[in-house]
Amino acid sequence: MDGISDIAVGLKRGSDELSMYNSPISGMSSISDGASNGSDTKKLRVEEASPSRVIHIRKLPNEASEAEVIALGLPFGRVTNILTLKGKNQAFLEMGTEEAAITLVNYYSKVPPLIRNFQVFIQYSNHKELKTDAPNQRTQAVLQAVSAVQSTNLDVQDVLAPSLSPVLRIIIDNMFYPVTLDVLQQIFSKFGTVMKIITFTKNNQFQALLQFSDPVNAQQAKMALDGQNIYNSCCTLRIDFSKLVNLNVKYNNDKSRDYTRPELPPGDGQSSIDPAMAAAFSKDSSSLLATLNPLSAAAAAAAAAGRVALAGQTGSTGVLLVSNLNEEMVTPQSLFTLFGVYGDVQRVKILYNKKDSALIQMSDSNQAQLAMSHLNGQKMYGNIIRVTLSKHQTVALPRDGLDDQGLTKDYANSPLHRFKKPGSKNFQNIFPPSATLHLSNVPQDVTEDDLRLLFSNTGGTVKAFKFFQDRKMALIQMSTVEEAIQALIDLHNYNMGGNQHLRVSFSKSTI
């Protein structure tokens, strides 16, 4: 995380957004106890304003300090400006980049921001930047103090308000065997969806930052795993919450991984950590794994027996082994459709002598990791499936003339791949399986009743439905995640008539 430098604090010049306020603008310390706490009727409508570096914060508690306001932006990157509104319990925070502001707003749309246990409301400002003069000396002093904290070995966490974070800081004690990024992912994914991992060395100790999709999953993992050994009598996990709320990963390699962005480059040995994260830990981000003789995945799994089940091989394979399938129901097409939510499936082979297991070849290892992270432990056709990395590098097609009963399918040239186009928006819309499904490409003449009936016929119960304004897209909520998975398998690419095919994906929203 960059230090906060060159931050201007004071009065906005020529701001239409601020002109509705009669009270003068000054430091937060001058807010009176009797001040209005913002409009109680005004709802958070992030979608009304386009993304901007400037964030509008409302309903701040009367006693909120400048440091607490600034701290809302610190985990996401450099803060370059701040304005506070006396008597209106509001503030404006300017981030160093629009990307940092977008990350901030997206995070706080899922995890309500708290200051002194009061929820505050965050949205984009209509202004693209803040122009200020007459700097407030007290606020400037606070910013300088925060910057001083960042330049020491202390964490920026020291200035943040305590809250439950989805990011865990993991230290490995007694590390006699290497602990890889894949080992961490498989251990921690037992408790929820692992989104990102960064590994690094600090104070001669191997450490990691690991981000779950939900802070509750992080809490469960911490409670269950803190103090436990990965391998017998060694590699002890020491786990704490990080006050960082989002990890910015630049490269997917053996030191860092963003499972939500499989398109990231490997980095060719460059630092895998975004510069904005640098102050959060030592600049030395090299992994201890590079200096140790690697154990094979099989040996690691054997050493970990009785503690955590680690199956499959670590490495760059893009092939997954899926087991505990319902062999009476599963088909290559159903596996292609479900796993295709997380990457472009190239081949599927249901094993001839073990039809409750299948090999699935993704386009690359990042897509395989993403699919494993999201689908391991999910229910498909009534069975909890297990997804691990396979030792195979490719899925072989049957020899010419050999009938394998349709158990092997080649999808390399399928028109249904979601991620074939570089930079596709689909990369930004990858979410864990959920009861709510996002529908698109809905014909104009199709009604809510039509879609409710269609999805009810997959064997589930439709709990809620909502059309988007243009009626080309909709959200539909099933009663369980398993029902939603079944509906997606059955109805993605369903022909709605006129050669118009329905597109179905998991949604992060609820109705």
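We now turn to the structure provided with this report.

Rules and cut-offs
Residues numbered from 1 in each chain as written. Predicted model: local features only at pLDDT ≥ 70, side-chain atom pairs only at ≥ 80, totals over all residues. Heavy atoms only, no water. Helix = DSSP H or I, 4+ residues; strand = E, 2+ residues; numbered from the N terminus. Buried < 20%, exposed > 50% of the residue type's maximum accessible area, 1.4 Å probe, protein only. Contact = heavy atoms within 4.5 Å. Axes fitted to C-alpha atoms, helices over the stretch in contact; angles between N-to-C directions. Parallel < 35°, antiparallel > 145°, perpendicular 65-115°, else oblique. Left-handed = near helix turned anticlockwise from the far one by under 90°. Nonpolar A, V, L, I, M, F, W, Y, C, P; charged D, E, K, R; others polar. 1 Å grid on protein atoms, 1.4 Å probe; cavity = no way out; pocket = protein on both sides within 12 Å on 5 of 7 lines; lining within 4 Å. Points joined across faces, edges and corners; volume = space filled by probe spheres on them. Pairing = 2+ DSSP bridges. Salt bridge = Lys/Arg side-chain N within 4 Å of Asp/Glu carboxyl O. Polar contact = N/O pair within 3.5 Å; in protein donor to acceptor, adjacent residues only side chain to side chain. Core = buried A, V, L, I, M, F, W, Y, C linked by side-chain atoms within 4.5 Å.

Before going further, it helps to examine the overall build of the chain. Within the chain, the regular secondary structure consists of 10 helices and 26 strands. Counting across all 511 residues of the chain, residues that qualify as buried make up 53%. A fraction of 73% describes how many contacts in the chain between residues 6 or more apart in sequence connect residues 24 or more apart.

Another aspect to go through is the packing of helix 7 (residues 332–339) against helix 10 (residues 481–491). Relative orientation of the contacting elements helix 7 and helix 10 amounts to 110°, with a least axis distance of 9 Å. Taken as axis vectors, helix 7 and helix 10 run roughly perpendicular relative to one another. The way helix 7 lies across helix 10 gives a crossing that is right-handed. The segment helix 7 lies against helix 10, with Ser334, Thr337 and Leu338 engaging Ile485, Leu488 and Ile489. Looking at the contact of helix 7 with helix 10 residue by residue, the classes come out as four nonpolar, two polar and no charged.

Moving on to empty space enclosed by the protein. Summed over the entire model, instances satisfying the criterion amount to three cavities of 30 Å³ or more. Empty space within the largest cavity amounts to approximately 70 Å³. Taken together, Phe336, Thr337, Gly340, Gly343, Leu416, His417, Arg418 and His492 make up the full set of residues lining the largest cavity. The residue inventory of the lining of the largest cavity, partitioned by class, reads two nonpolar, five polar and one charged.

Strand order in this open sheet of five strands is 21-16-18-17-22, and the pairing throughout is antiparallel. Each edge of the open sheet carries a strand with a single partner, namely strand 21 (386–389) and strand 22 (408–410). Strand-to-strand twist across the sheet, computed as the mean angle between neighbouring axes with direction ignored, equals 20°. Packing against the sheet, helix 7 makes contact with strand 16 (319–323), strand 17 (345–350), strand 18 (358–362), strand 21 and strand 22, and its axis sits at approximately 140° to strand 17. Contacts from helix 8 (residues 365–375) reach strand 16, strand 18 and strand 21, with the element oriented near 155° to strand 21.

All chains considered together, the criterion is met by seven salt bridges. A salt bridge links arginine 257 to aspartate 182; the shortest N-O distance between them is 3.6 Å. Placement of arginine 257 in strand 15 (residues 256–258) and of aspartate 182 in helix 4 (residues 181–188) is noted, with a sequence separation of 75 residues between them. You can call aspartate 182 buried: its relative accessible area is 7%. Here arginine 261 and glutamate 263 are joined by a salt bridge, their closest N and O atoms 3.6 Å apart. For arginine 261, a relative accessible area of 33% translates into the label partly exposed.

What follows is about helix 8. Given 3.6 residues to a turn, an α-helix orients residues that are three or four positions apart in the same direction. Within helix 8, 10 of the 11 residues are buried, leaving the element largely enclosed by the surrounding structure. The set of residues buried in helix 8 consists of Asn366, Gln367, Ala368, Gln369, Leu370, Ala371, Met372, Ser373, His374 and Leu375. Regarding helix 8, its N-cap is aspartate 364, as a side-chain oxygen of that residue lies 2.8 Å from the backbone nitrogen of glutamine 367 further along. Taken from the residues just after helix 8, glycine 377 is the one with a positive phi, measuring 90°.

One finds Phe188, Leu335, Phe339, Leu437, Leu439, Leu451 and Phe455 to be the most contacted residues of the largest nonpolar core, which totals 78 residues. Top contributing element to this core by residue count: helix 10, with six residues. Contact partners of leucine 335, with chain neighbours within four places excluded, come to Leu325, Val330, Gly340, Val348, Ile350, Ala358, Ile360 and Met380. Judged by nonpolar contacts, the second largest core, of 28 residues, contains Leu72, Ile122, Tyr124 and Val245.

Turning next to the pairing of strand 24 (residues 462–467). Two strands pair when backbone bridges link them, and strand 24 and strand 25 (residues 474–478) are joined in this way by five bridges, in the antiparallel orientation. Residue pairing across strands places valine 462 opposite methionine 478, the latter belonging to strand 25. Linking strand 24 back to strand 25 in an antiparallel pair, the connection comprises six residues, with arginine 471 at a positive phi of about 65°.

We now examine the sheet that holds strand 23 (residues 436–440). Ordered by their spatial adjacency, four strands build an open sheet running 24-25-23-26, and the pairing between neighbours is antiparallel. The open sheet has two edge strands, strand 24 and strand 26 (503–506), and neither has a second partner. Strand-to-strand twist across the sheet, computed as the mean angle between neighbouring axes with direction ignored, equals 20°. Of the strand pairs in this sheet, strand 23 and strand 26 are connected by four bridges, and their pairing is antiparallel. Within strand 26, the position partnered with leucine 437 by the bridge is phenylalanine 506. The strands touched by helix 10 within the sheet are strand 23, strand 25 and strand 26, with strand 26 carrying the most contacts at an inclination of about 155°.

Don't take any of this as a statement about function, it's just geometry.
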